[in-house]
Amino acid sequence: MSFSFSLDGPDAASHDAFRQVPGAFETTLKAIEKARKANLRFQINTTLTGVNVEHLDAIARLAVELGASCWNPFVLVPVGRAEQDTQLLLEPKRYEQVLETLASMKATYPIELRVTCGPQFARVARQKKIPGADHVRGCLAASGFAFISYQGDVQTCGFLELQAGNLVQNGYNLVDIWHNNPLLRSIRDMSQYRDFCGRCGFLADCRGCRARALIANGHLLGQDPLCVLGQTSMDKVK
């Protein structure tokens, strides 16, 4: 068993500003302290945005100091409030720089580091040849992860609100949905990917973010707009 606590800044000012709840930072630290006293395993989650990426080192060091077993940065997906607040979103070049920083941190910091919703991290880890790079996986949608809503709707993740069947209506047969649903099968079929993702040599490792692809260009198997390789390819065409 493991608990997850969110810290989106290294101090109360930055974390509370992002969460828009005064006192959220101190409340989280108190909860972490209770987990530590009970010898419960926990990890720290951080939503990476345009306003906190300058504090990556400080947040990671805080996670280590608190005794977390893992630091798990989440790359922001433009849904909900993030869709309207462009200040929160990373540009492709800045995103690439952040991934390179995280790769260096993963290779040197005394804590497990996982990146969620940042599938290009799998490519960067391999390019940087950091220890354990071959075990870093890209997007797990339809290959190693499924999201089930409170109504039983099966989705590839919480950000991609496309139904891949309903667990209740399917007699709670998740195995059948997982192997036979057309949506899930299409995501696993690399030959169906479009644009730069479809011809990228790192597709099998990365697979791009399907939620961002759908939001940006209206097609589930299209190009991930946050990938700097795809952006560079588009600039050359222009």
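Let us look at the structure shown here.

Conventions we followed
Residues numbered from 1 in each chain as written. Predicted model: local features only at pLDDT ≥ 70, side-chain atom pairs only at ≥ 80, totals over all residues. Heavy atoms only, no water. Axes fitted to C-alpha atoms, helices over the stretch in contact; angles between N-to-C directions. Helix = DSSP H or I, 4+ residues; strand = E, 2+ residues; numbered from the N terminus. Left-handed = near helix turned anticlockwise from the far one by under 90°. Contact = heavy atoms within 4.5 Å. Nonpolar A, V, L, I, M, F, W, Y, C, P; charged D, E, K, R; others polar. Buried < 20%, exposed > 50% of the residue type's maximum accessible area, 1.4 Å probe, protein only. Arc of directions from axis to C-beta. Patch = residues over 30% accessible without salt bridge, like charges linked within 9 Å, V, L, I, M, F, W, Y side chains within 5 Å. Areas by Shrake-Rupley, 256 points an atom, 1.4 Å probe, with all protein chains shown as cover. Salt bridge = Lys/Arg side-chain N within 4 Å of Asp/Glu carboxyl O. Pairing = 2+ DSSP bridges. Right-handed = clockwise from strand over helix to strand, strands pointing away.

1. Comments concerning the packing of helix H3 (residues 56–66) against helix H5 (residues 92–108)
Right, on to step 1. Contact pair H3 / H5: the axes reach a minimum separation of 11 Å and the direction vectors enclose 30°. For the element pair H3 and H5, the recorded crossing hand is right-handed. The residues of H5 that touch H3, namely those facing Leu 56, Asp 57 and Ala 60, are Val 98, Thr 101, Leu 102 and Met 105.
Right, on to step 2. Across the contact of H3 with H5, the residue classes break down as 5 nonpolar, 1 polar and 1 charged.

2. Focus: unusual backbone geometry
Right, on to step 1. The backbone phi angle of Ala 142 is positive, close to 70°, even though this residue is not glycine.
Right, on to step 2. Overall, Ala 142 belongs to the buried group, its relative accessible area being 0%.
Right, on to step 3. Phi at Asp 195 takes a positive value of approximately 55°, unusual for a residue other than glycine.
Right, on to step 4. Among the secondary structure elements, Asp 195 is positioned in helix H9 (residues 195–199).

3. Quick word on helix H1 (residues 12–19)
Because the α-helix completes a turn every 3.6 residues, residues three or four places apart line up on one side.
Right, on to step 1. Within the span of H1, buried status applies to His 15, Asp 16 and Phe 18. For H1, the arc enclosing every buried residue in end-on projection is 160°, short of the 170-degree limit, so these residues lie on one face. Structural note: H1 exposes Ala 13 and Ala 17 on the side pointing more than 90 degrees away from its buried face.
Right, on to step 2. Looking one or two places after H1, you find Gln 20, whose phi comes out positive at around 60°.

4. Section: a nonpolar patch on the surface
Right, on to step 1. A cluster of nonpolar side chains, Leu 140, Phe 145 and Phe 147, forms an exposed patch at the surface whose accessible area comes to about 240 Å².
Right, on to step 2. Structurally, the position occupied by Phe 145 is in the loop between helix H6 (120–128) and strand S5 (147–148).

5. So, the pairing of strand S3 (residues 70–75)
Right, on to step 1. Counting buried positions along S3 gives 5 out of 6 residues, so the element sits mostly inside the fold.
Right, on to step 2. In this sheet, S3 lies alongside strand S2 (residues 41–48) in parallel orientation, the contact comprising 6 bridges. Along S3, the bridge assignment pairs Thr 46 with Pro 73.
Right, on to step 3. As a crossover connection, the stretch from S2 through H3 into S3 is right-handed.
Right, on to step 4. Two elements, S3 and strand S4 (residues 112–113), share 2 bridges in a ladder whose sense is parallel. Each residue of the ladder has a partner; that of Trp 71, found in S4, is Leu 113.

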